[in-house]
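For reference, the chains in residue letters:
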Amino acid sequence: MANPDQRSPNVLLQNLVCRILGKSEADVAQQFQYAVRVIGSNFAPTVERDEFLVAEKIKKELSRQRREADAASFLELYRKLQSQGTLKNRWSVLYLLLSLSEDPRRGSTKGFTTLFAQALPRDAHSTPYYFARPQSLPLNYQDRGVQSAQSTGTMGSSGISSVNTHTLNGPTPPPQSLLPSLSYQTPGMGDSLRQQLGSRLAWTMTAGQPSLQTSTSKALPNTLMRSMPRTRREGEINGSIEITEALLVRDILYVFQGIDGKFIKMCNSENCYKIDGTIAVSKSLRDTTSRLSELGWLHNKIRKYADQRSLDRSFGLVGQSFCAALHQELKEYYRLLSVLHSQIEDDQGVNLGMENSLTLRRLLVWTYDPKIRLKTLAALVDYCQGRKGGELASAVHAYTKTGDPYMRSLVQHILGLVSHPIQNFLNGWIYDGELEDTYHEFFVASDPTVKTDRLWHDKYTLRKSMIPSFITMDQSRKVLLIGKSINFLHQVCHDQTHAAKMMAGTKSSEESLKDAADLLTDLENAFQGKIDAAYFETSKYLLDVINKNYNLLEHMQAMRRYLLLGQGDFIRHLMDLLKPELVRPATTLYQHNLTGILETAVRATNAQFDNPEILKRLDVRLLEVSPGDTGWDVFSLDYHVDGPIATVFTRECMSHYLRVFNFLWRAKRMEYILTDIWKGHMCNAKLLRSMPELSGVLHQCHVLASEMVHFIHQMQYYITFEVLECSWDELWNKVQQAQDLDHIIAAHEVFLDSVISRCLLDAQSRELLNQLRAVFDQIIEFQNAQETMYRAALEELQLRLQFEERKKVRETEGQWGVTSVEEEAEKKRILTFQESIPKMRSQLRILTHFYQGIVQQFLVLLTQCTDESLRFLSFRLDFNEHYKAREPRLRLTLSTKGRRSSQFVN
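Residues numbered from 1 in each chain as written. Predicted model: local features only at pLDDT ≥ 70, side-chain atom pairs only at ≥ 80, totals over all residues. Heavy atoms only, no water.

Colleague: It is not clear to me how the overall build of the protein chain should be interpreted in this structure. Could you clarify?
Modeller: Within the protein chain, the secondary structure is distributed over 36 helices and 8 strands. A total of 906 residues make up the protein chain; the buried ones form 46% of that total. Pairs at least 24 apart in sequence give 73% of the contacts found in the protein chain among residues at least 6 apart. Surface exposure of the protein chain reaches about 46800 Å², of which carbon and sulfur atoms provide 53%. (Helix = DSSP H or I, 4+ residues; strand = E, 2+ residues; numbered from the N terminus. Buried < 20%, exposed > 50% of the residue type's maximum accessible area, 1.4 Å probe, protein only. Contact = heavy atoms within 4.5 Å. Areas by Shrake-Rupley, 256 points an atom, 1.4 Å probe, with all protein chains shown as cover.)

This is the structure in structure tokens:
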């Protein structure tokens, strides 16, 4: 006994049938083989729609038997059968069912056995079989009509053979001579039937070839003339042929399919179907035929577009769905044609009168709605030329904006099918962060060359041309952010927890998104709600991860404290510790020495209480050295960022922080210098009272220092409070209210841009910045000049004190205090010092002149600024109008500003 696993599927299926019927293998062998051969037969339908015609006949048969429920069940089962792509031979299955229902011997108790005891015709095979076409076998449409006319005899105009020849229903039952249960055979009948079967089978095989379906003939063959009734040939007038309306009806049905008929053919010059000029018909019939033939032209246009685009892979998934929707609509159109074909067959079989037969005018009425449908599809095809993806969906959506409910319903149905790929793109993107867009159809674009550190900024962008018109820009931005956030969590934050949560929510979400048309057109409810829910959930989770796991807000505050000099005690102590190092030439500095000083400053101030994660990122950086630079010119603090926080603090942002730090560090150094100058004044004022010749110089130094202190204090107030604190407060409020990472990034960029522009570091404030740096340079020059003066004055004071001390010692010892030589040398030295004082005063006077000139120019530039804070800064710098009295441009500018302000108040 053979191993059951090695037996063929047919044997197993036959055993199953035996078990179900309770019969032996011998009893069911013949019936089983017949059923297998019918289902696996290679008969090709005459046209593609024969499958639908068989289904229609089964439905009619069920309806005739008043089994409407069974008919509805059959249609539902047939619809499911169509959706199964694995079953390729559906026509054979339907034909087997039709054969069972139309068995003429069903009244006999042996009918079932007798039916399945039939054998298939010898020309039919259950495996592919190809004929060598005889040279005498006609293949074109006209010749098939000749064969049909010859087989029907008196049926002439119908073009349909008798019941024992080929019909649209499939292969005919086998001849009675082949039935094993019947021994009677009519002499000569087998040869006739075999001849008919061979002719029908050849017709069947050739009918499926598109080149033969559309073939045309320029003249009617002689065989057709011989097959036509004598009365029609007698109706020839001047070489024209007069035909009946029935022939035109049959011809027009082929034109509906885009196939040239016997009398109606495609006129390439006019791009329409026309009745052959040699055919004599009335004007009304010709006009009606012309109106009906427009259906064939519309059909050809739609079918050509759908077929060509279906083969074009670059058309994308949305385009393929659009073509599938067009094919679906054409299938519905073919169903109507199948019914019309059946109507012609029924009319000819029953021989109805003209009042009940199918006429051109009835066709005109019956095809009114299909024609509107095809016109809409053809217009849609024209409008969608050259479009794909979301742009194609927008084109389809544009046709829903019509007042015609019939057209709107049709286009909405197509939109629902076209939107399925977009729905799949959306589901994959907003729930998994996946983007499988091979043909660039989705409105989210991905650049695979972008590295992980630039994922958020550069990898994913909006492809605006592909945004469907039924999705707003705000919704598309949220869609972009959802998928971008998921990928950021996966690839940058290495967090997979959110992915599991989203997968858990995907099923319930997808259940509510079954209909793509409802999803993408109901913007205010389903679609908007789902997008908002996914957006808020994903964005909130991402912000929680960045804030809790990566301390984004703490890093932001660290930038404010250290790079923007917000930690005052730390910055002051760091300057005190760095002063001995930074006064040296820049080329003599070593970074490790400065790093040690930085750590000392951290341990000695409140900075030591910061998060260790923050402190380990703080470092020293030395800028590029230029000739003549000191340590003050190249020193800078640095803050290392990596991972997710580098998405907010990008390289561009860190370069901005570096520029702002250098500016603030230089301004803080000016304040530090002026503080030392003030200390020098306070400490040396009492010591130098004994040198009255220096009083004028000291007064001059004190006045200039006071001007500089006022200027620097006002600048520091402006920078610290009006720029940094106000901008920081706005940033912090925006960060606290941010709904996604983009909001934080945007707020941070606005903060930096505001600081850069208001600290005079942008391109528009270059002249102001140059003037301010010149002021800083004058302060350093003043410090050097004052140190030189104090050094000389203190040396002179020290020598004078030493002279007086020696004099007192000698007098105590009873000697003369000084000799004449020593006294002469002392007077000469004092005279030399006194002669240097005018030089000091001149130097201070020049320094004051240059300083005041620079400040005046700076004030003039401030009054011309559009920033209100900078204009108010000019008022504070010249609160007593000291510079206004010296500079005419200030008087003019400030007076004009004042008048404008007064007019505004009034």
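Colleague: Hey, could you run me through the environment of Q320 in this one?
Modeller: Following the sequence through the fold, Q320 ends up in helix α14 (residues 316-350). Since its relative accessible area comes to 25%, Q320 is described here as partly exposed. When residues no more than four places from it in sequence are discounted, the contact partners of Q320 are R309, S310, D312 and F315.

Colleague: What am I meant to see in the packing of helix α24 (residues 552-563) against helix α30 (residues 695-737) here?
Modeller: A pair of packed helices is characterised by two quantities: the angle between their axes and the separation of those axes. Between α24 and α30, the least distance of the axes is 12 Å, while the angle of their chain directions is 175 degrees. Taken together, the axis directions place α24 and α30 in an arrangement best described as roughly antiparallel. In contact with L553, M556, Q557 and R560 of α24, α30 contributes L724, E725, W728, L731, W732, V735 and Q736. A per-class count over the contact of α24 with α30 returns 7 nonpolar, 2 polar and 2 charged. (Axes fitted to C-alpha atoms, helices over the stretch in contact; angles between N-to-C directions. Parallel < 35°, antiparallel > 145°, perpendicular 65-115°, else oblique. Nonpolar A, V, L, I, M, F, W, Y, C, P; charged D, E, K, R; others polar.)

Colleague: Is there a simple way to explain the packing of aromatic side chains in this structure?
Modeller: Between two aromatic rings, the relevant description is the distance of the centres plus the angle of the planes. One pass over the full model with this rule turns up 19 aromatic pairs. Aromatic side chains Y562 and F570 sit 5.4 Å apart centroid to centroid with 85 degrees between the ring planes, which places their arrangement in the edge-to-face category. For Y562, a relative accessible area of 0% corresponds to the buried category. Judged by its relative accessible area of 0%, F570 falls in the buried class. Among the aromatic side chains, those forming a connected cluster through ring pairs are W632, F635, F661 and W665. (Phe/Tyr/Trp six-rings, centres within 6.5 Å; stacked < 30°, edge-to-face > 60°.)

Colleague: Would you mind showing me how to read the pairing of strand β3 (residues 272-275) here?
Modeller: The two faces of β3 differ: Y273 and I275 on one face are buried, but C272 and K274 on the other face are not. Relative to β3, strand β2 (residues 264-267) runs antiparallel, the two being bridged by 4 bridges. Paired with M266 across the bridge in β3 is Y273. The turn linking β2 back onto β3 is made up of 4 residues, and N271 within it adopts a positive phi angle of 55 degrees. (Pairing = 2+ DSSP bridges.)

Colleague: How should the packing of helix α18 (residues 405-432) against helix α20 (residues 473-491) be read in this particular structure?
Modeller: Between α18 and α20, whose axes approach to 7 Å, the crossing angle comes to 45 degrees. One element, α18, and the other, α20, form an angle in the oblique class. Taken together, the residues of α20 that come into contact with α18 (itself represented by L426, W429, I430, Y431 and D432) are V479, L480, I482, G483, K484, I486, N487 and H490. The class makeup of the residues in the contact of α18 with α20 is 8 nonpolar, 3 polar and 2 charged.

Colleague: When you look at helix α13 (residues 283-310) in this model, what are you seeing that I'm missing?
Modeller: For the α-helix, the turn length of 3.6 residues means that residues three or four positions removed from each other point alike. The end-to-end C-alpha distance of α13 is 41 Å, a good match for the 40 Å that 28 residues give at a rise of 1.5 Å each. Among all positions of α13, only L285, T288, T289, L292, S293, L295, G296, L298, H299, I302, Y305 and A306 are buried. (Expected span 1.5 Å × (residues − 1).)

Colleague: Where do I start with the pattern of salt bridges in this structure?
Modeller: If the charged atoms of two oppositely charged side chains come close together, the side chains can form a pair. Taken as a whole, this structure holds 39 salt bridges when the rule is applied. Across the salt bridge formed by K301 and D382, the nearest N and O atoms sit 2.4 Å from each other. Of this pair, K301 sits in helix α13 while D382 sits in helix α16 (residues 368-383), placing them 81 residues apart in sequence. Judged by relative accessible area, K301 falls into the partly exposed class, the value being 24%. Measuring nitrogen to oxygen at the nearest pair gives 2.9 Å for the salt bridge that ties R800 to E796. (Salt bridge = Lys/Arg side-chain N within 4 Å of Asp/Glu carboxyl O.)

Colleague: Please clarify how α24 should be interpreted in this entry.
Modeller: If you check α24, its first and last C-alpha atoms are 16 Å apart, about what 12 residues at 1.5 Å a residue would give, namely 16 Å. Every buried residue belonging to α24 is among L552, H555, M556, A558, M559, R560, R561, Y562 and L563, and all of these are buried. Positive phi shows up at L565, right after α24, with a value of about 60 degrees.

Colleague: Which parts of the structure should I look at to understand the state of the cysteines?
Modeller: A covalent bond between the sulfur atoms of two cysteines is referred to as a disulfide. A complete count under the given rule lists 0 disulfides for this structure. The cysteine C323 is free of any disulfide, with C384 supplying the nearest cysteine sulfur at 9.9 Å. With a relative accessible area of 0%, C323 lands in the buried category. (Disulfide = S-S within 2.5 Å.)

Colleague: Help me out: how do you make sense of unusual backbone geometry in this one?
Modeller: Most peptide bonds take the trans configuration, and most residues that are not glycine carry a negative phi. Backbone geometry at N271 places phi at a positive 55 degrees, although glycine is not the residue there. Tracing the backbone through its elements, the reader meets N271 in the loop between β2 and β3. Even without glycine at this site, N551 takes up a positive phi of about 50 degrees. Turning to its location among the elements, N551 is positioned in the loop between α23 (526-549) and α24.

Colleague: Is there a simple way to think about the confidence of the model for the protein chain in this case?
Modeller: Detailed conclusions should not be drawn from predicted coordinates in areas where pLDDT is low. Here the protein chain averages 78 in pLDDT, while 75% of its residues score no lower than 70. Mean pLDDT values over the elements of the protein chain span from 33, in helix α9 (residues 210-213), up to 96, in α24. For the stretch residues 1-6, pLDDT sits under 50, and the model shows 2 contacts to residues farther than four places along the chain or on other chains. Predicted confidence is poor over residues 898-906, with pLDDT under 50, and the contacts of this stretch with residues over four places away or in other chains come to 0 contacts. (pLDDT = per-residue confidence, 0-100.)

Colleague: Could you clarify how one ought to interpret the environment of V444 in this entry?
Modeller: Within the fold, V444 resides in strand β5 (residues 444-446). Not counting chain neighbours up to four residues away, the residues in contact with V444 comprise W429, L435, D437, T461, L462, R463, V479 and L480.

Colleague: Help me understand the side chain of S293 in this model?
Modeller: The topology assignment puts S293 in helix α13. Look past the residues within four positions of S293 in its chain and what remains in contact with it is I252, V255 and Y273.

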